[in-house]
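Structural overview for review
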Amino acid sequence: MHNSYQAGADPIGWHGTTILCVRRDGHVTMAGDGQVSMGQTIVKGNARKVRRIGAGGAVLAGFAGATADAFTLLERLEAKLERFPNQLERACVELAKDWRTDRYLRRLEAMMAVADKDRSFTLTGNGDVLEPEDGVIAIGSGGNYALSAARALIEVPGLTAEEIARRAMRIAADICVYTNGNIIIESI
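This text gives an overview of the structure that appears in the document.

Calculation rules
Residues numbered from 1 in each chain as written. Predicted model: local features only at pLDDT ≥ 70, side-chain atom pairs only at ≥ 80, totals over all residues. Heavy atoms only, no water. Core = buried A, V, L, I, M, F, W, Y, C linked by side-chain atoms within 4.5 Å. Buried < 20%, exposed > 50% of the residue type's maximum accessible area, 1.4 Å probe, protein only. Helix = DSSP H or I, 4+ residues; strand = E, 2+ residues; numbered from the N terminus. Contact = heavy atoms within 4.5 Å. Expected span 1.5 Å × (residues − 1). Pairing = 2+ DSSP bridges. Axes fitted to C-alpha atoms, helices over the stretch in contact; angles between N-to-C directions. Polar contact = N/O pair within 3.5 Å; in protein donor to acceptor, adjacent residues only side chain to side chain.

What follows concerns the nonpolar core. Generally speaking, a soluble globular protein has its nonpolar side chains buried in company with each other. Residues Leu 77, Met 112 and Val 114 are the most contacted members of the largest nonpolar core, which totals 21 residues. Listed by contribution, the elements that provide at least two residues to this core are strand E6 (59-65), helix H1 (67-83), helix H2 (88-101), strand E7 (110-115) and strand E8 (120-123). If near-sequence neighbours (up to four positions away) are discounted, Val 114 is found in contact with Met 30, Val 59, Leu 60, Ala 61, Leu 77, Leu 88, Cys 92, Arg 119, Ser 120, Phe 121 and Leu 123. In terms of nonpolar packing, the next biggest core, distinct from the first, is built from 20 residues, Ala 138, Ile 154, Ile 164 and Ala 168 among them.

Right, dumping it as structure tokens:
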């Protein structure tokens, strides 16, 4: 069997984390695992990839990809939120425009999931500001596993956004070798 995957062929760092955002019944929960990998080596198991940002911590942000690049983007998004308070969509669109057109930012290798009490978005370096139809966002190497699990669990009556996120992240951690079970949760 020939494996054609090459670590360098992944330009946005998908092989490093799992971030999941679940919106249900007026609540939003963002979860991220704690694993930091360099190639096939686990460097750290308790990284914090989900944070509260903005005035009063009203916005949840999670990132996947190169850590320094993600922190640069978080700082830029916080500046946009200061400029456009309580306007998450506008702040995200302004960041995406900068990210797409600024020569320095264009080279950043990261993705972000952000949410406030009303809306959730995925931000990419291609200028994308994507809002999910079903209130579920997932990014990173285990993102598709977490997304699938969360979409199945959202159909189960009585589960909260946090319960769905915790269960879906456990499933992703059991499947994805770049995702661990040290889950950080933030909820609004």
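After that view, the rundown keeps rolling.
Positionally, Asp 69 belongs in helix H1. Taking relative accessible area as the criterion, Asp 69 reaches 16% and is therefore assigned buried. Setting aside residues up to four positions removed in sequence, Asp 69 forms contacts with Arg 107, Leu 108, Glu 109 and Ala 110.

In this section: H1. Over its 17 residues, H1 extends 24 Å from the first C-alpha to the last, a length consistent with the 24 Å expected when each residue adds 1.5 Å. All buried positions along H1 are accounted for by Asp 69, Ala 70, Thr 72, Leu 73, Leu 74, Leu 77, Lys 80 and Leu 81. Against the buried residues of H1 lie strand E5 (50-53), E6, H2, helix H3 (103-106) and E7.

This part is about the sheet that holds strand E10 (residues 136-140). Spatially, E10-E1-E2-E11 is the arrangement adopted by the four strands of the open sheet, whose pairing is antiparallel. At either margin of the open sheet sits one strand with a lone partner, and together these are E10 and strand E11 (184-187). Here the average twist between neighbouring strands, direction ignored, is 10 degrees. In this fold helix H4 (residues 143-153) packs onto strand E1 (18-24) and E10, with an angle of close to 20 degrees to the strand it touches most, E1. Across the sheet, helix H5 (residues 161-175) lies against E1, strand E2 (27-32) and E11, angled at about 155 degrees from E1, the strand it touches most.

This part is about the environment of Ser 120. By secondary structure assignment, the location of Ser 120 is in strand E8. Relative accessible area serves as the criterion here: at 2%, Ser 120 is assigned to the buried category. C-alpha separation for the pair Ser 120 and Glu 131, spaced 11 residues apart in sequence, amounts to 5.8 Å. Not counting the four nearest positions on each side in its chain, Ser 120 is found in contact with Cys 21, Arg 23, Val 28, Val 114, Ala 115, Leu 130, Glu 131, Pro 132 and Ile 137. There is a polar contact of 2.9 Å between the side chain of Ser 120 and the side chain of Arg 23.

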